[in-house]
Amino acid sequence: MKNLLNKIVLIIAAFCLTVTLFYNPADVYAASGSVTFGSESYEAENNSQFQIGVYLKADSGMGSYHVELEYDNSRMDYVSGAESEANGVITMEGIAVSNEVKYMLSFKTKSGGDAYVKIKNAIIYTSTAGSTEKLEIAQLPEAAIKISGEDTGSPRQEEQTQQIQYTGPFETDVPHIEPAIKMNNTEYYVVDSNQSVSEEIGWSYKLVPGKLGNLDVMFISNEENDIFLLGLVNANGETSLYSYSNSKKQLFDCKSLQMGSTTYIYTSPYASDNLPKGMTDRVISHNGIVYAVKNDGETGFYTVESGKLKIWNSQKTPENTKITIIKKATLGVVLILVILAALYFVIKEIKAVKKRRGLDFDDDDDDEDELEYDDDDDDPYAAEFEITDDDSDEDDFRVNVNFDDFKSNTDDEKDEDKFEREIDFKGFISDDDKDQDDLESDDDEEPEDSTAEDDTTEDND
């Protein structure tokens, strides 16, 4: 039994160690969702209207959602079906009442050629009240649209490129560099950083010379040179900060956020020329990651949750989630093996205990038998055998068996009963003795006959 307890304790210890090794409270297993089109491709006639279905689904409760769809606005116009549209991007947002939301978007074609629609960004929250947990969306789909007729549309531009358009001058009192540039249908001058820097820049900055298109500009940077900012001013005299990516040659707008005594300026993660390993487009889209610089000049990647910035945790990436799932599956297999091993040892030990108990029981019986019958004098129920020879030379055996101590089990009978039984055994002699007995028997019979004759003679006399 002691060995059994030791084995059970050992198995429990192994189980606890296994759980400790695999358990990680930081592991995140996000419920999954999806955004899909009704078809992988569409066909339409020029100067006609058609519809495209967009389907939002979740494997658990779906809460609020925000989905951005980009379409080819050089070959077709958006008509209706979503909450809003601007500059070729359709926004679908709201709060779901079930695990599925359907949109039917209407478009009208205006040019032939190969057009497209694609999900640019999708965020779906769980249905828990006040939850900031996002459903994991594995894929942002795209659908091709074949429009018949002459192609008068524009070539499709890649996202990472940004065409700098120069425009005519406009009046402003802010020190700037000419000519003006046009972005998102708005004209801007680049603020001359040698003469004016935004008050939002609260750290000890340095100016780094560079190029914006054909313009020679001075970028505002930190000591590590891992972020580059420019000020832009519009015709109304309103200034705003933009970040610039040297690798993508693109500007990204910036926003500021005050959290306690710390001021953050955050922008697109693509403003960083050194994205961390595992930070893919899908990870950025799913987690809503931003790139930010604090008022001490320190930069980092964050997520925006409930109006606050939180340090981005690389453990939440889908790649690490897959690794976590593998770890979880491995843990399950290990636990099953531990349980099976525990059952095996327990059953084996129980069988061994039963076997030992059975042997002990048999040994005890044998010992009792030896004690009972080793010495007849100690056995109260032992029989007394006495063999005596008859004085008359008869080859009979007489055995006197005395049975002592056969006591009655009732309280009324208290006297000892002693039984003596006389048993004659005949026929337990050899064949020679039997022949001799026959002869003696015949001899014995002759005197009886003579006596009988004498008696008859006497009677006759």
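Because the structure is a prediction, the values reported are computed rather than measured. (Residues numbered from 1 in each chain as written. Predicted model: local features only at pLDDT ≥ 70, side-chain atom pairs only at ≥ 80, totals over all residues. Heavy atoms only, no water.)

S.K.: In this structure, what is going on with the nonpolar core? I would like to understand it.
M.R.: As a rule of thumb, soluble globular proteins bury nonpolar side chains together. By size, the foremost hydrophobic cluster in this structure holds 34 residues, and its most contacted members are Val54, Leu69, Phe107 and Val117. Beyond its immediate stretch of four places on either side in the chain, Val117 contacts Phe37, Ile52, Leu69, Glu70, Tyr71, Met76, Phe107, Glu142, Ala143 and Ile145. In terms of nonpolar packing, the next biggest core, distinct from the first, is built from 18 residues, Phe252, Ile284, Ile289 and Trp312 among them. (Core = buried A, V, L, I, M, F, W, Y, C linked by side-chain atoms within 4.5 Å. Buried < 20%, exposed > 50% of the residue type's maximum accessible area, 1.4 Å probe, protein only. Contact = heavy atoms within 4.5 Å.)

S.K.: Mind showing me how you'd approach the packing of aromatic side chains here?
M.R.: How two aromatic rings sit relative to each other is set out by the distance from centre to centre and by the angle between their planes. Applying the stated rule across the entire model yields nine aromatic pairs. Aromatic pair Phe219 and Tyr244: ring centres 5.1 Å apart, planes at 20°, arrangement stacked. Of this pair, Phe219 sits in strand 16 (residues 215-221) while Tyr244 sits in strand 18 (residues 239-245); the two residues are 25 residues apart in sequence, bridging distant segments of the chain. For Phe219, a relative accessible area of 2% gives the class buried. Plain terms: the ring middles of Tyr291 and Phe301 are 4.9 Å apart, the flat faces sit at 40° to each other, and that makes the pair tilted. Here the residue Tyr291 occupies a position in strand 22 (residues 289-294), and Phe301 occupies one in strand 23 (residues 299-305), the gap between them amounting to 10 residues. An aromatic cluster is defined as three or more aromatic residues linked by ring pairs; in this entry it consists of Phe50, Tyr71, Tyr78 and Phe107. (Phe/Tyr/Trp six-rings, centres within 6.5 Å; stacked < 30°, edge-to-face > 60°. Helix = DSSP H or I, 4+ residues; strand = E, 2+ residues; numbered from the N terminus.)

S.K.: What should I look at first to understand the sheet that holds strand 24 (residues 308-311) in this one?
M.R.: Pairing between sheet strands relies on hydrogen bonds along the backbone, with the strands arranged either parallel or antiparallel. Spatially, 20-21-22-23-24 is the arrangement adopted by the five strands of the open sheet, whose pairing is antiparallel. For this open sheet the edge positions go to strand 20 (255-259) and strand 24, each flanked by a neighbour on one side alone. Mean inter-strand twist for the sheet, computed between neighbouring axes without regard to direction, equals 45°. In this sheet, strand 23 lies alongside strand 22 in antiparallel orientation, the contact comprising five bridges. Of the residues in strand 23, the one forming a bridge with Val290 is Tyr302. (Pairing = 2+ DSSP bridges. Axes fitted to C-alpha atoms, helices over the stretch in contact; angles between N-to-C directions.)

S.K.: Explanation requested: the sheet that holds strand 11 (residues 142-147) in the structure shown.
M.R.: The strand order 2-11-9-4-7-6 describes an open sheet built from six strands, whose pairing is mixed. The sheet is open, and its two edges are formed by strand 2 (41-44) and strand 6 (84-86), each paired on a single side. Pairs of neighbouring strands in the sheet enclose a mean axial angle of 20°, with direction left out of account. One ladder, built from eight bridges, connects strand 4 (residues 62-71) with strand 9 (residues 113-126); its direction is antiparallel. Bridge pairing links Leu69 to Ile119 in strand 9.

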